[in-house]
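# Secondary and tertiary structure notes
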Amino acid sequence: QVQLVESGGGLVQAGGSLRLSCAASGRTFSSDGMGWFRQAPGKEREFVASITRSGGNTYYANSVKGRFTISRDNAKNTVYLQMNSLKPEDTATYYCVKGRTTWDYWGKGTLVTVSS
């Protein structure tokens, strides 16, 4: 049983930073890619960032490129999302995902609120 538990969300002012963490259990962490999605109130869920199994490649949505950084620590079974220069439009629930060819596993999410 794979479990993904996000943490690190909260309230921050525009221009500030937050670091989200996602701790994974239940399957060999390094066998899967990891990623983050988000869903703002009244909007569809959207891709934010992903990282390959080894961490050698990362991918970002255009809206966060240059501001967010995804990383992983395979020894700690944890993936991170460093979010800098936050904007009010980054307000959303952020979900951690895990999988190989598809995102098979999802966390329950952590809420990020950016005030203007």
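Residues numbered from 1 in each chain as written. Predicted model: local features only at pLDDT ≥ 70, side-chain atom pairs only at ≥ 80, totals over all residues. Heavy atoms only, no water.

## So, the overall build of the protein
Broken down by element type, the protein carries 0 helices and 11 strands. Written out in order from the N terminus, the α and β elements of the protein read β-β-β-β-β-β-β-β-β-β-β. For 116 residues, the compact-globule estimate of 2.2 N^0.38 gives 13 Å, and the protein sits close to it at 13 Å. Across its three principal directions, the C-alpha atoms of the protein cover 40 × 25 × 25 Å. Looking at the protein residue by residue over its 116 residues, the buried ones come to 43%. Within the structure as shown, the protein displays about 6100 Å² of accessible surface, and the carbon and sulfur contribution to it stands at 45%. Distance between charge centres in the protein, computed from 14 positive and 8 negative side chains, equals 4 Å. (Helix = DSSP H or I, 4+ residues; strand = E, 2+ residues; numbered from the N terminus. Rg over C-alpha atoms; globule rule 2.2 N^0.38 Å. Buried < 20%, exposed > 50% of the residue type's maximum accessible area, 1.4 Å probe, protein only. Areas by Shrake-Rupley, 256 points an atom, 1.4 Å probe, with all protein chains shown as cover. Lys, Arg positive; Asp, Glu negative; His and termini not counted. Charge placed at Lys NZ, Arg CZ, Asp CG, Glu CD.)

## Let's talk about the packing of aromatic side chains
For the structure on display, the rule yields 4 aromatic pairs. Between the aromatic rings of F37 and W103, the centroid separation amounts to 6.4 Å while the plane-to-plane angle is 75°, which identifies the pairing as edge-to-face. Of this pair, F37 sits in strand β4 (residues 33-39) while W103 sits in strand β10 (residues 103-106), and the two are 66 residues apart along the sequence. Look at W103 and you get partly exposed, because its relative accessible area is 29%. Centroid distance F37 to W106: 5.0 Å. Interplanar angle 50°. Geometry classified as tilted. One end of the pair, F37, is in strand β4; the other, W106, is in strand β10, and 69 residues separate them in sequence. (Phe/Tyr/Trp six-rings, centres within 6.5 Å; stacked < 30°, edge-to-face > 60°.)

## A few points about unusual backbone geometry
Positive phi, close to 55°, is recorded for N77, a residue that is not glycine. Checked against the element boundaries, N77 lands in the loop between β7 (68-73) and β8 (78-83). We classify N77 as partly exposed; its relative accessible area is 29%. The backbone of S85 sits at a positive phi, close to 50°, despite the residue not being glycine. For S85, the position within the fold is in the loop between β8 and β9 (92-99).

## Considering the pairing of strand β11 (residues 110-115)
Taking every second residue as pointing to the same face, the buried face of β11 carries T110, V112 and V114, while none of L111, T113 and S115 on the other face is buried. Judged from the 4 bridges that link them, strand β2 (residues 10-13) and β11 form a sheet pairing that is parallel. Paired with Q13 across the strands is S115, a residue of β11. In this structure, β9 lies alongside β11, joined through 3 bridges in antiparallel fashion. Paired with Y94 across the bridge in β11 is T110. (Pairing = 2+ DSSP bridges.)

## With respect to the side chain of D32
Tracing the backbone through its elements, the reader meets D32 in the loop between β3 (18-25) and β4. Engagement of the side chain of D32 in a polar contact is seen with the side chain of R100, the distance being 2.8 Å. Excluding residues that lie within four positions of it along the chain, D32 makes contacts with R27, R53, R72, K98, G99 and R100. (Polar contact = N/O pair within 3.5 Å; in protein donor to acceptor, adjacent residues only side chain to side chain. Contact = heavy atoms within 4.5 Å.)

## Things to note about the nonpolar core
Residues W36, V79, L81, M83 and Y94 are the most contacted members of the largest nonpolar core, which totals 28 residues. When contributions to this core are tallied by element, the ones reaching two or more residues are β3, β4, β5 (46-51), β7, β8, β9 and β11. Looking at this core, the element that brings in the most residues is β3, giving 4 residues. (Core = buried A, V, L, I, M, F, W, Y, C linked by side-chain atoms within 4.5 Å.)

Geometry only, nothing functional implied.
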